[in-house]
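# Results of the structural survey
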Protein chains: 2
Amino acid sequence: MVTGERFLVEYLITGDEHEAYNKVQDICVEQTVEFPTELILDNWIKEDVVGKIESFEPIQVNLFQAVVSYAVETTAYELTQLLNVIYGNISLKPGILVNKIDLSPKLLDSFRGPHFGRSGLRSLLGVKGRPLLFTAIKPMGLSAAELGKLAYRFARGGIDIIKDDHGLTNQPFAAFADRVKSCARAVEKANQENGSNSIYVANITGPSDEVVARARLAKQLGARGLLLAPALVGFDTMRLVAEDDTIALPIFSHPAFMGSYTASENNGISHFALYGQITRLAGADATIYPNFGGRFSFSQQICESIVQGTSVPMGNIKPIFPSPGGGLTLELIPELLKVYGQEVIFLMGGGLVKRSPDIEQNCQYFKHLIESSIEIE
Amino acid sequence: MVTGERFLVEYLITGDEHEAYNKVQDICVEQTVEFPTELILDNWIKEDVVGKIESFEPIQVNLFQAVVSYAVETTAYELTQLLNVIYGNISLKPGILVNKIDLSPKLLDSFRGPHFGRSGLRSLLGVKGRPLLFTAIKPMGLSAAELGKLAYRFARGGIDIIKDDHGLTNQPFAAFADRVKSCARAVEKANQENGSNSIYVANITGPSDEVVARARLAKQLGARGLLLAPALVGFDTMRLVAEDDTIALPIFSHPAFMGSYTASENNGISHFALYGQITRLAGADATIYPNFGGRFSFSQQICESIVQGTSVPMGNIKPIFPSPGGGLTLELIPELLKVYGQEVIFLMGGGLVKRSPDIEQNCQYFKHLIESSIEIE
């Protein structure tokens, strides 16, 4: 009834040893059969379908690391059901955090992950040997024409990737198609003038039945990348867009509405697994997250764990770019280069506008900072 | 540029007064323009698009209640973007919890909410004046035929609503169409024999591009209700199913993967708003949540707040059923009747199987408990 192939989930469990071990036993049942095991008549269900404790180790006082294995068949090879097995009902129980996932070959083969990944995105942009530069056009309220002008200035200044702010969807101020057309044209015009290859990334986060249509329309109107917030549309909607070969544009994952999964030390999903592994499995080519030292609360250590999650071996699933943002300023760049090295996309929004009224010059300075630091190395 | 209509979000903010007030000011910007306000040139954007603090009150030491209003246009009348304005980026910041939402008429009119609601579901089932009885067929691993047999026994025993366990999607043990066909037929057979009107509810939680197709197939195969986990598929996918008049089946919302939004006292969304208001806005006719005293951690007070969220006035959006589950036993029923009254759906899974090997008799006893308590009142 099962192939015997199993995948692993590492949980961090809070409690004393007895309590923590009971929680792990409970996870094995809750996440699979959700039924009193003593009443299950089929032995193979008890043996194979119920999760198995593979290891259980103390890591500090009242904190245990437990690895549970599950039969791959429990997931039906669906991302939604995989997430359900990993952390469905137990998200409602205190003291259980998903620390890491370790998927088996057959399961990994059933997902394509990112279409581009790090090297694909570099090829698309034609940029080697330096971090990629990323910005957002805003504020909400500007017209499609005004947003286009802003996109033009960023592209003229040499920013590689120019995205919609994640709150721009289809507001009356700048309806989706108008905005995308205006911004895509503006970036293309700057590219022709500069001889450069910047891309405009359209935000397609929106109604469930419109996401794919917006992706296609965006492509048709000249967008060369897509922004999606998986916690708003569902991770599987991102997978759907990523696996659609008629779309075939790089996807930038936005963390809006995702914060609660990492808000507690003893509930949720680790930054490594959520922003790294799961976002990658869902097909993002880059994962945006709030950088340390900005206006959010992630620590440097957390950010480094996300970087690890973007590149930890996952079978055929390509490594993706970490993309720290949320309050980056030009002053921080030298330090950030030390932390992140070259394989990163720096997302700077307000910081590029604050330096001086001349946005193009601010962008050129940003690029200069990045390029000169590389030469010094 | 805006109509002037605004909607309200009540946040609970942790911190001392100065810190908390700064956080609320930050919310107004972060959730809308996400841009340094001093650099915004258009006055109307600063005045109308940026959120406004409507009130700010201490409620206990280091805890403040703040009401922020937003222009309805910021939401683009999309559920995804509405959730983004309410709690997108700030989900990533510590010390901010969404306590309550108060949507304006135009915004409420742009959502249909549940197709049935409490009274519609009662009409469909033909049950008045008592709580509805609800159970789940499991464990995962049983074949479609075995699950059908179980559904038959529950229906023969008089359970009103018989659903798939939320982990049954499209596993090789019992593929979706086989399972739905088997269970729908079994319940229909029992109805004919009993002269009753039980409904089988198919779990359609699954890949983004298959949810609607599964809903239609389930209906075609005889399912008379649908189970969906909005945290897995996205709340807007639930809305899409609920608003599709070619489907028109009651929707039961499952809380899998949703726990982290309510895991912390100073981050996330209140149970009232999440399991009540938002689930309702997304079109569920009943909201399943873990009952107090069971194997999860919600308190009685929390459960009562969910009940309030299912029926608080929300314009044209119908009241829906609270559906406590997760470890309900027959012994608890008398107490639960006192807490919940009649407008509730009791979800009992394992508890109906544990009492004796005769499932039909256990179900009859469950129904008897409910009916006799009503007569006594």
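Within each chain, residue numbers correspond to sequence positions counted from 1 in written order. Note on labels: chains are lettered from A, ligands numbered from 1, in written order. Side-chain atom pairs in this predicted model are given and counted only at pLDDT of 80 or more, local residue features only at pLDDT of at least 70, and totals for whole chains, interfaces and linings cover all residues. Water and hydrogen atoms play no part in the side-chain values, which are based on all heavy atoms of the structure.

Here we come to the packing of helix H11 (residues 271-281) of chain A against helix H12 (residues 300-311) of chain A. Residue and element names in this part refer to chain A. To define axes, lines are fitted to C-alpha atoms, for helices over the stretch in contact only, and angles between the resulting N-to-C directions are given on a 0 to 180 degree scale. To qualify as a helix, a DSSP run of H or I must reach at least 4 residues; to qualify as a strand, a run of E must reach at least 2; elements of each kind are numbered from the N terminus. Where H11 meets H12, the closest approach of the two axes is 7 Å, and the angle between their N-to-C directions is 25°. Relative to H12, H11 is oriented roughly parallel. For H11 against H12, the interelement crossing comes out right-handed. Across the interface between the two elements, His271, Phe272, Tyr275, Gly276, Gln277 and Arg280 of H11 pack against Ile302, Ser305, Ile306, Gln308, Gly309, Thr310 and Ser311 of H12. To sort the angles, those under 35 degrees are grouped as roughly parallel, those over 145 as roughly antiparallel, those from 65 to 115 as roughly perpendicular, and the leftovers as oblique. Should the near helix be turned counterclockwise from the far one by less than a right angle, the crossing is left-handed, whereas a clockwise turn marks it as right-handed. Note on definitions: a residue-residue contact is assigned when non-hydrogen atoms from the two residues lie within 4.5 Å.

Superposing copies: least-squares fit, C-alpha atoms only, residues required to have pLDDT of at least 70 in both. Screw-axis analysis of chain A against chain B gives a translation of 0.0 Å along the axis, an RMSD of 0.0 Å, and a rotation angle of 180°. Here the copies are linked by what is in effect a two-fold axis. Taking the C-alpha atom as reference, chain A places Gly234 of chain A closest to the rotation axis, 2.3 Å from it.

Right, let's talk about the domain arrangement of chain A for a bit. Residues and elements named next belong to chain A. The start and end points of each domain follow an automatic or database-based domain assignment. Per the domain assignment, the segments of chain A are domain 1 (6-109) and domain 2 (117-376). Contact residues are listed per partner, giving 19 residues for domain 1 and 20 residues for domain 2. We define a salt bridge as a contact between a side-chain nitrogen of Lys or Arg and a carboxyl oxygen of Asp or Glu at a distance within 4 Å. Applying the counting rule to domain 1 against domain 2 returns zero salt bridges. Definition of a polar contact: a pair of N or O atoms within 3.5 Å, with one able to donate and the other able to accept a hydrogen when the atoms are protein atoms, and with sequence-neighbouring residues admitted only if both atoms are side-chain atoms. Our count for the contact surface shared by domain 1 and domain 2 stands at nine residue pairs in polar contact (both at pLDDT 80 or more). Of all the secondary structure elements, the ones that give two or more residues to the side of domain 1 that touches domain 2 are helix H3 (79-87), strand S4 (96-102) and helix H4 (105-109). At six residues, the largest contribution of residues to the side of domain 1 that touches domain 2 is made by S4. The residue inventory of the side of domain 1 that touches domain 2, partitioned by class, reads 11 nonpolar, five polar and three charged. Ten residue types, Ala, Val, Leu, Ile, Met, Phe, Trp, Tyr, Cys and Pro, are classed as nonpolar, four, Asp, Glu, Lys and Arg, as charged, and the remainder, Gly among them, as polar.

We now examine the environment of Ala263 of chain B. Within the element layout of this structure, Ala263 of chain B appears in the loop between strand S9 (251-253) and strand S10 (267-269). Along the sequence, Ala263 of chain B and Phe298 of chain B sit 35 residues apart, while their C-alpha atoms lie 9.9 Å from each other.

A few words now on unusual backbone geometry. All names here are of chain A. The step from Lys138 to Pro139 runs through a cis peptide bond, and the omega angle for that step is 5°. For Pro139, the position within the fold is in the loop between strand S5 (132-137) and helix H6 (144-156). Here the phi dihedral of Ala248 falls at roughly 50°; this positive angle occurs in a residue that is not glycine. Here Ala248 shows up in the loop between helix H10 (235-242) and strand S9 (251-253).

Take the pattern of salt bridges next. Overall, the coordinates contain 35 salt bridges over all chains when judged by the stated rule. For Lys93 of chain A, the salt bridge goes to Asp26 of chain A, with nearest N and O atoms at 2.7 Å. Of this pair, Lys93 of chain A sits in the loop between H3 and S4 while Asp26 of chain A sits in helix H1 (residues 17-30), and the two are 67 residues apart along the sequence. Think of it in three bands: with a 1.4 Å probe and only protein chains considered, a residue is buried below 20% of the maximum accessible area for its type, exposed above 50%, and partly exposed in between. Given the relative accessible area of 7%, Lys93 of chain A is considered buried. Exposure remark for Asp26 of chain A: the relative accessible area of 25% places this residue in the partly exposed category. Each of Asp209 of chain A together with Asp236, Arg239 and Glu243 of chain B takes part in salt bridges that share partners, so that together they form one network.

Each partner contributes residues to the interface: chain A has 78 residues there, and chain B has 78 residues. The junction of chain A with chain B conceals about 6,600 Å² of combined surface from both sides, 62% of it contributed by carbon and sulfur atoms. Connecting chain A to chain B are six salt bridges. Linking chain A with chain B are 36 residue pairs in polar contact (both at pLDDT 80 or more), by the criterion used here. Where the side of chain A that touches chain B is concerned, the elements lending two or more residues are helix H2 (43-49), H3, helix H9 (230-233), H10, strand S10 (267-269) and helix H14 (350-354) of chain A. Of the residues forming the side of chain A that touches chain B, the biggest block, five residues, is contributed by H3 of chain A. For the side of chain A that touches chain B, the residue count by class is 37 nonpolar, 25 polar and 16 charged. Summed over both partners, buried area is the accessible surface (1.4 Å probe) that two parts give up on being assembled.

Turning our eyes to something else, we now look at the pairing of strand S12 (residues 321-325) of chain B. Residues and elements named next belong to chain B. Most of S12 is tucked away, with five of its five residues classed as buried. Side-chain alternation along S12 places Phe321, Ser323 and Gly325 on one buried face and Pro322 and Pro324 on a second face that is also buried. Two strands pair when backbone bridges link them, and strand S11 (residues 286-290) and S12 are joined in this way by five bridges, in the parallel orientation. Looking across to S12, one finds that Ala286 is bridged to Phe321. Note on handedness: a clockwise path from strand one over the helix to strand two, with the strands aimed away from the viewer, defines a right-handed crossover. Read from S11 through helix H12 (residues 300-311) to S12, the crossover connection turns out right-handed. Strand pairing is assigned whenever DSSP detects at least two bridges linking the two strands.

With that settled, the discussion passes to empty space enclosed by the protein. The method works on a 1 Å grid over the protein atoms by themselves. A cavity is a set of points holding a 1.4 Å probe that cannot get out, a pocket is an open set with protein on both sides within 12 Å along at least five of seven lines, and residues with an atom within 4 Å of a point line them. Grid points are joined across faces, edges and corners, and a volume is the space filled by probe spheres set on the points. Counted according to the given criterion, the structure contains four cavities of 30 Å³ or more. In this structure, the largest cavity encloses a volume near 150 Å³. If you trace the largest cavity, you find 16 residues lining it, with Pro230, Ala231 and Tyr261 of chain A together with Ala231 and Tyr261 of chain B closest to the centre. Contributing elements (two or more residues each) for the lining of the largest cavity: H9 of chain A together with helix H9 (230-233) of chain B.

Overall, the predicted model of chain A reaches an average pLDDT of 96, with 99% of residues at or above 70. What pLDDT expresses is the predictor's confidence in each residue, scored from 0 to 100. For chain A, per-element mean pLDDT is lowest for helix H15 (residues 359-376) of chain A, which scores 88, and highest for S9 of chain A, which scores 99.

When we look at burial in helix H5 (residues 117-125) of chain B, the residues that qualify are Gly117, Arg118, Gly120, Leu121, Arg122 and Leu125 of chain B. Of the residues flanking the end of H5 of chain B, it is Gly126 of chain B, one or two places downstream, whose phi is positive at about 65°.

Quick look at the packing of aromatic side chains now. Ring pairs shown here join Phe, Tyr and Trp side chains whose ring centres sit within 6.5 Å, with only the six-membered ring taken for Trp; geometry is labelled stacked below 30 degrees between planes, edge-to-face above 60, and tilted in between. Tallying each qualifying case throughout the model produces 21 aromatic pairs over all chains. Grouping aromatic residues by their ring pairs yields a cluster made of Tyr87, Phe257 and Tyr261 of chain A together with Tyr87, Phe257 and Tyr261 of chain B. Counting as a charge over the ring demands two things of the Lys NZ or Arg CZ atom: a distance within 6 Å of the ring centre and an angle within 35 degrees of the ring normal. Directly above the ring of Tyr365 of chain A sits Arg355 of chain A, whose terminal nitrogen or CZ lies 3.9 Å from the centroid. When the ring centre of Phe176 of chain B is taken as origin, the NZ or CZ atom of Arg214 of chain B, which lies over that ring, is 5.5 Å away.

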